[in-house]
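The primary structure of each chain is shown beneath.
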Amino acid sequence: MLIALLPGDGIGPEVIGEARRVLDMLEIEGLQFEEADVGGAAYQSYGHPLPPETLDLARRADAILFGAVGDPASDANERHLRPEQAILGLRSELELFANLRPAKAFPQLVGESTLKEEIAGAIDLVIVRELNGDVYFGEKGMRRTAAGLREGYDIMSYDEDEVQRIARVGFETAMARSGRLCSVDKANVLETSQLWRDVVTEVAREFPQVELSHMYVDNAAMQLVRDPAQFDVIVTGNLFGDILSDQASMCVGSIGMLPSASLDGSGKGLYEPIHGSAPDIAGQGKANPLAAILSAAMMLRYSLGLAEDASRIETAVEQALASGLRTPDLGGNALAAEMGEAVIKAL
Ligand code: IPM
Ligand code: MG
C-alpha cells in the first residue's frame, strides 16, 4: 500500500511530520510512503503548484495524506499558479468528489469553543461537501461591462449527475449514523440550488429509511451556532460546504482539530486537516498536529480498511488531550512535537 505524502506549505510539513511518526509507530505491514512537493513549495522548485511528478504520485498511490497549501509569497501569481490550485487540481483530476468533514465535540475541549459549553458539548455531525463542481469550477474571469467598469464573474452550476452522486454519499453516511440528513441550499434564490433540491428529493426515494430535511444556507449558518445538536449529516455544495465546515470547526473548539476525507467513487481518498497553511505561525513548531493525525486515522479507516488502527489513533488523541497538553490554538503552549509524542506514548 503506497501512501503519497504531500506536506505542502506553511505548517503543512510540521503537522504531516507528526502524522507520519504516528503511522510509523503502528508498524502496519506493507505500508510505504513517497513524498512530493505541492502548493507554493512546488511552485518555488518546479514553477507549478501541482507538477506532473506530484500528480503522478497521487495517481499511483492508494491514498494521499495532504498537509496544507497557501503561501503569501505566491499570492500575486496568476490564478492558475497560486498554491490553492494544487488542491483544487488534485480534487478534480482524481475525481475526489465527496468531502467528509466530521465535527465532533471533544469532551476535554468544550471550554475552547466560543459557544456555551452545554451547546458545544452536544455537537456530533458530519458535513458531506461536494468537491468537484459549483462556482469553484465554473467559467470565471475578468471583463469590462458595457460602461467600461471592471467586472469579475464566476459561474455557478451543477448538473443532475453531480448532485445525484453526492446525495447518495449523504444518504449512505446518514444511514450509517442516526438516519437524519439535512440538505443545505439556497433554493429561494438560485436555480443551481433548485435543481439541487429537486434531485436530492428524487434520490431520497432510494433511501426510505432516511429522514430528509432541507434548509437554506443562511438559516443553516444561524442554526449551527444556535442549536448545532439538531444536525447529524449535512449534505451541501462546494461553496456552502467550505463555509459551513469552517464554522462547524470553531463550534467544537479549534480548527486545529478537524480532519477530512475527500473520496472518489471507489474508496481512494485524499486526507487533510481542514485548517490551512497558517503562514503566521509556520516554522515555529507550534501548530496543532491533531487534525493531521486524525486525518491519518480517517485514511486508515476509509482507504486502507484498517478501522481498528484508526480507532487506536483516535483514542490516543483523546488520551493526549486528557493529559492536559494543549497547543497554542487550544490555549496552551505545547509544541507540535510534544503533542505528537503524547499521542505516540498513548499508543
Ligand atoms: C478547504 C480550503 C480550500 C477550499 C482552499 C484552500 C482552496 O478552504 O479545503 O476548505 O476552498 O476548498
Ligand atoms: Mg475552506
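Predicted model, so just to flag it, every value in this text is computed and none were measured.

## Things to note about a negative patch on the surface
Part 1 of the argument: Taken together, the side chains of Asp159, Glu160, Asp161, Asp198 and Glu202 make up a negatively charged region of the molecular surface.
Part 2 of the argument: Only α6 (160-175) and α7 (191-203) provide two or more residues apiece to the negative patch.
Part 3 of the argument: Inspection of the secondary structure puts Asp159 in the loop between β7 (150-154) and α6.

## Concerning the site of ligand 1
Part 1 of the argument: The immediate surroundings of ligand 1 are formed by Glu84, Arg91, Arg101, Arg129, Tyr136 and Asp242.
Part 2 of the argument: Between ligand 1 and Arg101 there is a distance of 2.8 Å, counted from an oxygen atom to a side-chain nitrogen or oxygen.
Part 3 of the argument: A distance of 2.5 Å separates an oxygen atom of ligand 1 from a polar atom in the side chain of Tyr136.
Part 4 of the argument: With the chains in place, 76% of the 320 Å² that ligand 1 exposes on its own is no longer accessible.

## Considerations on the nonpolar core
Part 1 of the argument: In this structure, Leu65, Phe171, Met257, Ile313, Val317 and Leu321 are the most contacted members of the largest nonpolar core, which totals 86 residues.
Part 2 of the argument: It is helix α10 (residues 290-302) that provides the largest number of residues to this core, a total of 9 residues.
Part 3 of the argument: Both domains that furnish three or more residues to this core are identified here as domain 1 (1-97 + 264-347) and domain 2 (103-254).
Part 4 of the argument: In contact with Leu65, not counting residues within four places along its chain, are Ile3, Ala4, Leu5, Leu6, Ile16, Ala19, Leu23, Tyr271, Ala292, Ser295, Ala296 and Met299.
Part 5 of the argument: The next biggest cluster of nonpolar side chains, apart from the first, holds 19 residues, and it includes Leu6, Ala36, Leu50 and Ile87.

## A closer look at the pairing of strand β5 (residues 124-130)
Part 1 of the argument: Extensive coverage of β5 is indicated by the burial of 6 of its 7 residues.
Part 2 of the argument: Across 7 bridges, strand β4 (residues 98-104) lies against β5 in antiparallel orientation. Across the sheet, Leu100 pairs through a bridge with Val128, a residue of β5.
Part 3 of the argument: Here 4 bridges tie β5 to strand β10 (residues 233-236), and the two strands are oriented parallel to one another. The partner of Val128 across the bridge, within β10, is Val235.

## A closer look at the pattern of salt bridges
Part 1 of the argument: All told, the structure shown has 18 salt bridges when counted by the stated rule.
Part 2 of the argument: One salt bridge in this structure joins Asp232 and Arg177, with 2.8 Å as the shortest N-O distance. Taken together, the residues Asp232 in the loop between α8 (217-226) and β10 and Arg177 in the loop between α6 and β8 (180-185) connect sequence positions 55 residues apart.
Part 3 of the argument: Note on Arg177: relative accessible area 31%, which makes it partly exposed.
Part 4 of the argument: Note that Asp185 is salt-bridged to Arg197, the shortest N-O span being 2.9 Å. With Asp185 in strand β8 and Arg197 in helix α7, this residue pair connects regions lying 12 residues apart in the sequence. Considered together, Asp185 and Arg197 belong to a single accessibility category, that of buried residues.
Part 5 of the argument: Bridged by salt links that share partners, the residues Glu18, Arg21 and Glu341 form one connected network.

Reading the values: rules and limits
- Residues numbered from 1 in each chain as written.
- Chains lettered and ligands numbered in written order.
- Predicted model: local features only at pLDDT ≥ 70, side-chain atom pairs only at ≥ 80, totals over all residues.
- Heavy atoms only, no water.
- Patch = residues over 30% accessible without salt bridge, like charges linked within 9 Å, V, L, I, M, F, W, Y side chains within 5 Å.
- Areas by Shrake-Rupley, 256 points an atom, 1.4 Å probe, with all protein chains shown as cover.
- Salt bridge = Lys/Arg side-chain N within 4 Å of Asp/Glu carboxyl O.
- Lys, Arg positive; Asp, Glu negative; His and termini not counted.
- Charge placed at Lys NZ, Arg CZ, Asp CG, Glu CD.
- Helix = DSSP H or I, 4+ residues; strand = E, 2+ residues; numbered from the N terminus.
- Near = heavy atom within 4 Å.
- Polar contact = N/O pair within 3.5 Å; in protein donor to acceptor, adjacent residues only side chain to side chain.
- Core = buried A, V, L, I, M, F, W, Y, C linked by side-chain atoms within 4.5 Å.
- Buried < 20%, exposed > 50% of the residue type's maximum accessible area, 1.4 Å probe, protein only.
- Domains from an automatic or database assignment.
- Contact = heavy atoms within 4.5 Å.
- Pairing = 2+ DSSP bridges.

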